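Notes for the structure review
The chain contents come next:
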Amino acid sequence: MKKTMIHIMATTGITLVVLALVATCYSATVIFIRTVFQALVLNIAIYIGIYFLNRFEYHYPILETTLKLITVLALVLTSGWIFEWYVNMSVFVLVLMTIVIFSICIFLDTMSLRDEVKAINVLLEGEEEIITPQTGEK
């Protein structure tokens, strides 16, 4: 639960930075506080959706990633309608932002997983050294 909350907050932060970059391209000067909370609510909904998708076992990682992207896009586009984002932003820009944010999150998850695998390998190597001194082998 704690890790999920950290991911939600990190994703919301990434969302706001990407939104600020897009807003800068449109010469905008402010992001309203309600936008911050809308992004937070959307990211909570996304993580709930991903939680339900993770309950299934997929034989193909590309299928899993595609289903997650489709779910995220559906939630973002629905949120755009609910929160009336289309008054200030086109659907194309919103989809592009979503793909960029999704890609950044996938990259960060991959780096985190890579670090966890390295830590597990170090622990396994440590266990092998503890076991093998009895035989004199390394």
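In this text the structure is predicted, and so the values were computed from the model without any measurement. (Residues numbered from 1 in each chain as written. Predicted model: local features only at pLDDT ≥ 70, side-chain atom pairs only at ≥ 80, totals over all residues. Heavy atoms only, no water.)

A cluster of nonpolar side chains, F92, L96, V100, I104, F107 and L108, forms an exposed patch at the surface whose accessible area comes to about 570 Å². The residue F107 is located in helix α4 (residues 91-131) in this model. (Patch = residues over 30% accessible without salt bridge, like charges linked within 9 Å, V, L, I, M, F, W, Y side chains within 5 Å. Areas by Shrake-Rupley, 256 points an atom, 1.4 Å probe, with all protein chains shown as cover. Salt bridge = Lys/Arg side-chain N within 4 Å of Asp/Glu carboxyl O. Helix = DSSP H or I, 4+ residues; strand = E, 2+ residues; numbered from the N terminus.)

With that settled, the discussion passes to the pattern of salt bridges. For the structure on display, the rule yields 2 salt bridges. Put simply, K3 and E116 hold a salt bridge, and the shortest N to O gap is 3.3 Å. One end of the pair, K3, is in helix α1 (residues 2-25); the other, E116, is in helix α4, and 113 residues separate them in sequence. Of the residues examined, E116 reaches a relative accessible area of 35% and is grouped as partly exposed. With a closest N to O distance of 3.3 Å, K68 and E64 form a salt bridge. You can see K68 and its partner E64 sitting in helix α3 (residues 61-82), 4 residues apart, about one turn around the helix. (Buried < 20%, exposed > 50% of the residue type's maximum accessible area, 1.4 Å probe, protein only.)

A separate point is the state of the cysteines. Under the counting rule described, the total for this entry stands at 0 disulfides. Its sulfur unpaired, C25 is 19 Å from the next cysteine sulfur, which belongs to C105. (Disulfide = S-S within 2.5 Å.)

A positive phi is found at S27, a non-glycine position, where the angle reads about 60 degrees. Checked against the element boundaries, S27 lands in the loop between α1 and α2 (33-53). In this structure, E84 is a non-glycine residue whose phi angle is positive, near 60 degrees. Within the secondary structure, E84 is located in the loop between α3 and α4.

Of all hydrophobic cores here, the largest spans 17 residues; its most connected members are V18, I46, V72, V76, M89 and M97. Looking at this core, the element that brings in the most residues is α4, giving 6 residues. Beyond its immediate sequence surroundings of up to four residues, M89 is in contact with L19, L94 and M97. (Core = buried A, V, L, I, M, F, W, Y, C linked by side-chain atoms within 4.5 Å. Contact = heavy atoms within 4.5 Å.)

Our next topic: the confidence of the model for the protein chain. Looking at the protein chain as a whole, its pLDDT mean stands at 90, while 92% of the residues score no less than 70. Considering each helix and strand of the protein chain separately, the mean pLDDT is smallest for α4, with a value of 88, and largest for α2, with 96. (pLDDT = per-residue confidence, 0-100.)

This part takes up α1. An α-helical turn contains 3.6 residues, so a residue and the one three or four places further along point in the same direction. Taking 1.5 Å of rise per residue, 24 residues should cover 34 Å, and α1 covers 35 Å from first to last C-alpha, within 8% of that figure. Along α1, the positions that sit buried rather than exposed are I8, T11, T12, I14, T15, V18, L19, V22 and A23. (Expected span 1.5 Å × (residues − 1).)

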